[in-house]
Amino acid sequence: GVVVEKLVNAISKSQPPIKDEFETREEFEARIQKWEGKKILGNVDVNSRVAVIVNAVTLPSMYQSNASTIQYDAENEVMTLKLQAGIACSGIMLSRVSKPKREYIATNGYGVKQKVLLVDENRACLQFDEGGIVTSAEQEFSFKVPRKVAENTKFLMSLAIIGRITMPYAQIEESQEGATIRFPIEKNIVTRTLVMNVDSIWVVNSFSGEILTKR
């Protein structure tokens, strides 16, 4: 498995080639090929097949409790996992970590004063490229799980999203969200996105390593 934030930072630091208006496509593709042959992080280059591994229960999302819905049918002993694309990402949000920075007093246009919390938020996202076999984060998995181990299995399930890094490889975007009376939190957001040609998704028991199902 790879750590998305570290890999995105390493890709950005290595400066993937951007086509110059004065070079031919052939010249640009030659530069791309040379760059793609370099190691980016450890033994990983953009041609490496890598896995992004995340806990299915704790996947975050902006406008729902999380990015996955897990339900168990005790009558038929069937576990169903629905994976949903994140609204704040061009794919699936893998993690969202907020760190309080400071508080200050703000005043709106009507003279109402409100204490506002300023936070730094880091988001990690995975974008599914159309060149992969699996092109959408919207997925549903159903598989048999004996009732006696169903509860433990639910909270130990992880997703292994497997594929190869592809253009534009990675993106780092900075944005801000202003505070409101209802939600007095101002956010400085950094979103790191890894772009992959995804060829398979495995649902695994992160404790035992058992593959529960895969697509």
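Quantities reported herein were computed from a predicted structural model and do not represent experimental measurements. (Residues numbered from 1 in each chain as written. Predicted model: local features only at pLDDT ≥ 70, side-chain atom pairs only at ≥ 80, totals over all residues. Heavy atoms only, no water.)

## Section: the pattern of salt bridges
Going through the model one piece at a time under the given rule, you end up with six salt bridges. Residue Lys 39 pairs with Asp 45 through a salt bridge whose shortest N-O separation is 3.6 Å. Looking at Lys 39, the relative accessible area reads 53%, which means it is exposed. When the shortest N-O distance is used, the salt bridge between Lys 187 and Glu 121 registers 3.3 Å. In this pair, Lys 187 sits in strand E8 (residues 185-205) while Glu 121 sits in strand E5 (residues 113-128), placing the two residues 66 residues apart along the sequence. (Salt bridge = Lys/Arg side-chain N within 4 Å of Asp/Glu carboxyl O. Buried < 20%, exposed > 50% of the residue type's maximum accessible area, 1.4 Å probe, protein only. Helix = DSSP H or I, 4+ residues; strand = E, 2+ residues; numbered from the N terminus.)

## Some details on the side chain of Gln 139
Following the sequence through the fold, Gln 139 ends up in strand E6 (residues 139-144). Gln 139 gets classed as buried once you look at its relative accessible area, which sits at 14%. Excluding its chain neighbours within four sequence positions, the residues that come into contact with Gln 139 are Leu 81, Lys 82, Leu 83, Val 134, Ile 201 and Arg 215. (Contact = heavy atoms within 4.5 Å.)

## Brief notes about the sheet that holds strand E3 (residues 78-83)
Strand order in the open sheet made by the three strands is E2-E3-E6, with antiparallel pairing throughout. Two strands close off the open sheet at either side, each with one partner strand: strand E2 (68-73) and E6. This sheet shows a mean twist of 15° between the axes of neighbouring strands, independent of strand direction. Judged from the six bridges that link them, E2 and E3 form a sheet pairing that is antiparallel. Across the sheet, Ser 68 pairs through a bridge with Leu 83, a residue of E3. (Pairing = 2+ DSSP bridges. Axes fitted to C-alpha atoms, helices over the stretch in contact; angles between N-to-C directions.)

## Focus: the packing of aromatic side chains
For the structure shown, the criterion picks out one aromatic pair. Between Trp 35 and Tyr 169, the aromatic rings sit 4.7 Å apart at their centres with planes inclined by 50°, giving tilted as the arrangement. One end of the pair, Trp 35, is in helix H2 (residues 25-36); the other, Tyr 169, is in strand E7 (residues 157-177), and 134 residues separate them in sequence. A relative accessible area of 7% places Trp 35 in the buried class. The side chain of Lys 214 reaches across the aromatic face of Trp 202, ending 4.7 Å from its centre. Its guanidinium or amino end placed over the ring of Phe 141, Arg 215 lies 4.4 Å from that ring's centre, counting from NZ or CZ. (Phe/Tyr/Trp six-rings, centres within 6.5 Å; stacked < 30°, edge-to-face > 60°. Lys NZ or Arg CZ within 6 Å of the ring centre and 35° of its normal.)

## A short note on the nonpolar core
Of all hydrophobic cores here, the largest spans 45 residues; its most connected members are Ile 11, Phe 128, Leu 159 and Leu 194. With six residues, the top contributor of residues to this core is E7. Those residues in contact with Ile 11 that sit more than four places away from it in its chain are Pro 16, Trp 35, Ile 40, Ile 165, Tyr 169, Ala 170 and Leu 194. (Core = buried A, V, L, I, M, F, W, Y, C linked by side-chain atoms within 4.5 Å.)

## Notes on unusual backbone geometry
A cis geometry characterises the amide bond from Met 167 onward to Pro 168, with omega recorded as 0°. Looking at the element boundaries, Pro 168 is found in strand E7. Even without a glycine there, the phi angle at Glu 77 is positive, about 55°. Mapped onto the elements, Glu 77 comes out in the loop between E2 and E3. Although it is not a glycine, Tyr 169 sits at a positive phi angle of roughly 75°.

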